[in-house]
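# Remarks on the overall topology
In case you want the letters, here they are:
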Amino acid sequence: MTPEDKSRIFNLAIEVLKENDRGAYTVPTKGLYPFQWNWDSCFTALGQAHFDEDRAWTEMETLFEHQWPDGMVPHIIFHVHDDGYFPGPDVWGTGRATPTSGITQPPIAGFALRQLFERSADRTAAERRARALLPKIEKWFAWFYANRDPQGQGLVAILHPWEAGRDNSIDWDEAFDRVPTEGIAPYTRRDTQHADPAHRPTKAQYDRYLWLVEHFRGLGWDNARLHDASPFQVVDPGFNAILIRGCQDLAVVAEALGNADTAARNRNRAARGLAALENLWSDRHGQYLCLDRITGTLIDSPSIGGLIPVFAAIPKSRAAAIGQVIQQQATRLKYIIASHDPDDPRFEAKRYWRGPVWLVVNYLIVDGLLAAGETEVAARVLRSSLDLIEQSGFAEYYDPLTGAPCGGGRFTWTAAMVLEFLDIAA
Ligand code: DGY
């Protein structure tokens, strides 16, 4: 890529971020996702930090203004009324003044906090704003371990596929079979009016997404009850790695701000999580697998969820094995990293999280590979990510076989990651 190409792409990315900016929060994309999403916002802040530090902090602060009293940070904040999205506030029925969903999402906030804190040029503002966010993020992390790891196993469970962010991953198929569909209220999907239905989850999956929402709503969104009452409890290695890394990064910021207690608590959480993560390792696949907490068995599904742990401080040998899985993929695919093993017969190149490439995940994995010294494979993923942007623009996700853009267009988090990738590549 020439310097001219780089600066053109840099400016286009900023254009997308500004276009989707609603003042104090950013929508993932117009139409398909018209509100604030939790992990999207934290990735967005990383992008905004390249051209407007103040705005980047605001993005995260707005998210945490909607933290629940128990510490949970919801996955959607419905700042405005918009019938173009389903399921809206009335389906969630969480009773919040500004409506929110009732489930959470991968906690990128710990990592993002450290990044904003360390990169900010205005040190006084960075300290003040980090000091205010620190206890809120810690409260969220404590919420995770109290409510999603009730037996104290060191790893947390997701109770809904939307919590993982990888909505229709093959990882959930078996566990999802146990979720009934009887009795759900009739509904009309909106997502398929904005994006190609062949790129989206199926109706059978949507029925189950909604059954779980209605079930949890029937329990009054009481987080002390939801875990044990859910027929879907999956321990996702990717989700846990993000939480573990978040705890580590929170500890670093806490230490810099002179808060030794918070630092110690979070180091301890991360150490326990890393030890427990070992139970999810599969020698056969050379990667981590999800655990079905209801049956107590590993789920035989080699997805990207099992590669994301390189983002946490896993043993070097594990990071090297993950690097090899990615190199192997690169011999089969035009673009990497596929969200599911392309040799698995269940792989679908265009269907959301069952095969396509997602730049946010590439970013987490590049960061981890670089930290583990796996520079060659990291450079390969980086190149593939930038090639996709050049070929297909700021799509939601991409077909790894052809590079075709899929899902929504002019996507905020893709634009944010491009700014990050250009920086890493520089
Ligand atoms: C959706 O509606 O597709 C989202 O992924 C749920 O958060």
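Quick note: structure is the one above.
Let me sum up the structure you'll find in this document.

Calculation rules
Residues numbered from 1 in each chain as written. Predicted model: local features only at pLDDT ≥ 70, side-chain atom pairs only at ≥ 80, totals over all residues. Heavy atoms only, no water. Helix = DSSP H or I, 4+ residues; strand = E, 2+ residues; numbered from the N terminus. Buried < 20%, exposed > 50% of the residue type's maximum accessible area, 1.4 Å probe, protein only. Contact = heavy atoms within 4.5 Å. Core = buried A, V, L, I, M, F, W, Y, C linked by side-chain atoms within 4.5 Å. Expected span 1.5 Å × (residues − 1). Pairing = 2+ DSSP bridges. Salt bridge = Lys/Arg side-chain N within 4 Å of Asp/Glu carboxyl O.

A separate point is the overall build of the protein. Looking only at helices and strands, the protein has 17 helices and nine strands in total. If you line up the protein on its principal axes, its C-alpha atoms span 55 × 50 × 45 Å. A buried classification covers 62% of the 426 residues belonging to the protein. Considering only contacts within the protein whose residues lie at least 6 apart along the sequence, 71% involve residues at least 24 apart.

The biggest cluster of nonpolar side chains holds 144 residues, and the ones touching the most others in it are F43, M60, L113, I326 and I365. Ignoring any residue separated from it by four or fewer positions in sequence, one finds L113 in contact with W57, M60, A130, L133, L134, I137, L250 and V253.

Another point: helix 17 (residues 412-425). Counted at 1.5 Å a residue, the expected span for helix 17 with its 14 residues is 20 Å, and the 20 Å between its end C-alpha atoms agrees. Taking burial as the measure, the 14 residues of helix 17 include 11 buried ones, the bulk of the element. Along helix 17, the residues that are buried comprise T412, W413, T414, A415, A416, M417, V418, L419, E420, F421 and L422. Elements in contact with the buried residues of helix 17: helix 1 (3-19), helix 2 (38-48), helix 5 (109-119), helix 15 (359-371), helix 16 (375-392) and strand 8 (397-398).

This paragraph deals with the sheet that holds strand 6 (residues 291-292). Across the sheet, three strands lie side by side as 3-6-7; this open sheet has antiparallel pairing. A strand with exactly one partner marks an edge of an open sheet, and here the two such strands are strand 3 (234-235) and strand 7 (297-298). Relative to strand 7, strand 6 is paired through two bridges, and the arrangement is antiparallel. When the bridges of strand 7 are listed, D292 appears paired with T297.

Summed over the entire model, instances satisfying the criterion amount to 32 salt bridges. The partner of R129 in a salt bridge is D54, with the nearest N and O atoms 2.7 Å apart. Of the two residues, R129 is situated in helix 6 (residues 123-148) and D54 in helix 3 (residues 53-65); the sequence distance between them amounts to 75 residues. Of the residues examined, R129 reaches a relative accessible area of 10% and is grouped as buried.

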